[in-house]
Amino acid sequence: MNASEILASVHTCGLDNTTNNTSCSEDVTKAPFSKTLQITMTSFYVIVFITSILGNGLGLRIVLRTSSVNSFSCLLIGNKAFADLLTTIFTTPYMVFYLHNQNVWFGGVAGTITCKLSQFPFAVSLAASVFTVVIISIDRFIAVVYPLQRRRFLPNPKTTTLIIWILSVAVMLAPYLIPYRAIQMPNGQYHCGPQWGEYERTIKIQKLFYMALFILMYVIPLVLTVIALSSVVRRLWRRKIPGHSSKVYRRAAQKANRQIAKLLIFIMVVFAICWAPVHMMHFLAFEAEWKQISAWVVMLSFWLCHANSAIDPFLYIICNYSFRREIENTVSKCCTMNCDLKRKSSSYTFNGFTSRVVPSKNNKCCSLKGQREMAVMHDNNLFLQLPQTLLQ
């Protein structure tokens with residue numbers, strides 16, 4: 001799930017058994033990227049980093065602030081935001097480093113430890129994010145299709161979250177924590193990469209790993225998500241609303257159903273689009289046509305995969321009214337605090353009196369409909385109250 005293991009072991013050295021090891025190691029240490037690509041992709045990763053930190057950080061804050069923090073869906077959304085946040089924190093610095101230095105590393109125990117830490121944490125967080133999407137889809141399926149039996153199928157939210165992270169660690173332990181190390185090349189330099197013994201054996205195992213990764217982290221989650229969401233959408237559209245049958249009530253129910261369906265479909269489509277190119281790169285890396293693929297295509301494929309962490313929180317904001325309302329409240333509070341700080345020092349003269357603006361506790365100073373309360377202080381420290389004004 002990163003470009004370094006592919007470009008270092010395949011793109012520069014190739015799959016030809018007659019390749020000289022010394023020349024191969026020298027190619028690994030060279031910079032295969034142009035300055036234009038380095039600057040452009042670095043800018044793209046900076047944008048993803050800032051967007052993901054703000055979006056997932058705000059989403060996590062909203063989840064923690066809600067009264068239903070112990071609910072299953074709320075905790076899962078928070079877990080996904082946390083996983084996406086970790087993915088961004090671990091992925092972006094390493095990819096920017098790789099863009100400018102490739103696999104050049106340093107040796108010793110410290111080199112091996114840092115090499116493992118540069119790969120394993122973000123692989124675990126990526127897996128946790130994918131598994132959380134699947135669990136959210138399954139939870140929505142059970143909640144809509146079997147609402148009375150929801151507790152029988154899934155454990156409590158804290159246990160489910162713990163299982164997601166344990167499963168993520170178990171899945172990524174063998175392919176990322178064990179084989180990655182600081183490998184010394186014949187020219188004396190080191191690079192960070194996977195090693196399963198001889199070069200041919202390493203390539204063979206990497207092929208099997210990418211196949212398993214594609215099935216476990218893309219095909220199975222996508223199939224389960226499609227099946228679950230199809231059932232949810234079909235049930236939502238066919239469900240009859242009990243009780244009131246007025247047009248207003250039916251329209252409100254239909255609007256809510258459309259919003260739920262839109263959110264779930266967006267999650268599925270974005271997941272499929274963002275992850276398809278990177279899995280394609282994994283398979284093409286072991287074909288003869290790999291050397292003909294532009295470095296731009298490779299790096300943009302991995303960037304799109306990593307950008308999924310920055311896109312996810314905005315899907316909830318676009319499709320979920322509660323998230324939009326919480327964001328509006330947060331922005332309003334920040335704006336109010338800023339306006340209040342500016343108003344504390346403001347003063348003016350009114351009919352010979354020195355006056356100052358005193359903001360009301362309920363004042364929304366950034367809203368045109370906010371109320372303004374004003375008090376007037378006389379030169380001899382007597383206070384006179386001015387009439388309250390409503391700004392329409």
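Structure: see above.
As the structure is a computational prediction, the values presented were derived from the model and not from experiment. (Residues numbered from 1 in each chain as written. Predicted model: local features only at pLDDT ≥ 70, side-chain atom pairs only at ≥ 80, totals over all residues. Heavy atoms only, no water.)

(A) Focus on the overall build of the protein chain. The helix and strand inventory of the protein chain stands at 11 helices and 9 strands. The burial tally for the protein chain puts 43% of its 392 residues in the buried class. Restricting to contacts in the protein chain with at least 6 residues of sequence separation, those with at least 24 account for 74%. As displayed, the protein chain offers around 21,300 Å² of accessible surface, 64% of which is attributable to carbon and sulfur atoms. (Helix = DSSP H or I, 4+ residues; strand = E, 2+ residues; numbered from the N terminus. Buried < 20%, exposed > 50% of the residue type's maximum accessible area, 1.4 Å probe, protein only. Contact = heavy atoms within 4.5 Å. Areas by Shrake-Rupley, 256 points an atom, 1.4 Å probe, with all protein chains shown as cover.)

(B) Structural context of the pattern of salt bridges. What the rule picks out here adds up to 2 salt bridges. Note that K80 is salt-bridged to D84, the shortest N-O span being 3.5 Å. One end of the pair, K80, and the other, D84, are both in helix 4 (residues 72-101), 4 residues apart, so they sit about a helical turn from each other. Each of the two residues, K80 as well as D84, counts as buried. Among the charged side chains, a network of salt bridges with common partners joins K80, D84 and D312. (Salt bridge = Lys/Arg side-chain N within 4 Å of Asp/Glu carboxyl O.)

(C) Representation of the sheet that holds strand 1 (residues 104-105). Taking strand neighbours across the sheet as the criterion, the 3 strands line up as 1-3-2 in an open arrangement whose pairing is antiparallel. Of all strands in the sheet, those bounded by a partner on one side alone are strand 1 and strand 2 (180-184). Sheet topology note: the strand 2/strand 3 (residues 190-194) ladder contains 5 bridges and is antiparallel. If you follow A182 over to strand 3, its bridge partner there is C192. The strands that helix 5 (residues 108-145) touches are strand 1, strand 2 and strand 3; relative to strand 2, the one it contacts most, it runs at about 135°. (Pairing = 2+ DSSP bridges. Axes fitted to C-alpha atoms, helices over the stretch in contact; angles between N-to-C directions.)

(D) Structural detail: the packing of helix 3 (residues 35-65) against helix 10 (residues 295-319). Where helix 3 contacts helix 10, the axes come no closer than 8 Å and their chain directions differ by 15°. Taken together, helix 3 and helix 10 sit at an angle that is classed as roughly parallel. For the pair helix 3 and helix 10, the crossing hand works out as left-handed. Between helix 3 and helix 10, the residues in contact are T36, L37, T40, M41, F44, Y45, V48, T51, S52, G55 and N56 and A295, W296, M299, L300, F302, W303, H306, A307, S309, A310, P313 and F314, respectively. Of the residues belonging to the contact of helix 3 with helix 10, the class tally is 15 nonpolar, 8 polar and no charged. (Parallel < 35°, antiparallel > 145°, perpendicular 65-115°, else oblique. Left-handed = near helix turned anticlockwise from the far one by under 90°. Nonpolar A, V, L, I, M, F, W, Y, C, P; charged D, E, K, R; others polar.)

(E) Spatial organisation of helix 10. Between its first and last C-alpha atoms helix 10 spans 35 Å; for 25 residues at 1.5 Å apiece the expected length is 36 Å, and the two agree. Measuring from the side-chain oxygen of the N-cap residue of helix 10 to the backbone nitrogen of W296 gives 3.1 Å; that N-cap residue is S294. (Expected span 1.5 Å × (residues − 1). Polar contact = N/O pair within 3.5 Å; in protein donor to acceptor, adjacent residues only side chain to side chain.)

(F) Inspection of the pairing of strand 3 at higher detail. The buried fraction of strand 3 is high, at 4 of 5 residues. Turn length for the strand 2-strand 3 hairpin, with the two strands adjacent in sequence and antiparallel, is 5 residues, and the turn residue G188 shows positive phi of about 95°.

(G) Main features of the side chain of S137. Among the structural elements, S137 can be located in helix 5. When near neighbours in sequence (up to four residues on either side) are disregarded, S137 contacts T225, A228 and L229.

(H) Region of the structure containing the environment of S231. With respect to the helices, strands and loops of the structure, S231 is situated in helix 8 (residues 199-238). Considered as a pair, S231 and F141 are 90 residues apart in the sequence and their alpha carbons are 6.9 Å apart. Polar side-chain contacts of S231 include one of 3.1 Å to the backbone oxygen of I227.

(I) Region of the structure containing the packing of helix 4 against helix 5. The contact between helix 4 and helix 5 brings their axes to 8 Å, and the two run at 155°. With respect to helix 5, the axis of helix 4 lies roughly antiparallel. Helix 5 is crossed by helix 4, and the crossing has left-handed handedness. In terms of residue class, the contact of helix 4 with helix 5 is made up of 13 nonpolar, 9 polar and 4 charged.

(J) Fine view of a nonpolar patch on the surface. A surface patch of nonpolar side chains, amounting to about 570 Å² of accessible area, comprises V46, F49, I50, I53, L54, I89 and F90. Those elements that provide at least two residues to the nonpolar patch are helix 3 and helix 4. Checked against the element boundaries, I89 lands in helix 4. (Patch = residues over 30% accessible without salt bridge, like charges linked within 9 Å, V, L, I, M, F, W, Y side chains within 5 Å.)

(K) How the structure looks around the state of the cysteines. According to the stated counting rule, one finds 1 disulfide in the structure shown. The disulfide partner of C115 is C192, and the S-S distance across this bridge is 1.9 Å. Every disulfide takes its handedness from the sign of the S-S torsion; for C115 and C192 that torsion is 80°, giving right-handed. Placement of the pair is C115 in helix 5 and C192 in strand 3, with a sequence separation of 77 residues. In this structure C192 comes out as buried when scored by relative accessible area, which is 1%. The thiol of C305 is not disulfide-bonded; the next cysteine sulfur, from C274, is found 7.9 Å away. On the basis of relative accessible area, C305 is assigned to the buried category, the value being 0%. (Disulfide = S-S within 2.5 Å.)

In short, shape yes, function no, at least from these values alone.
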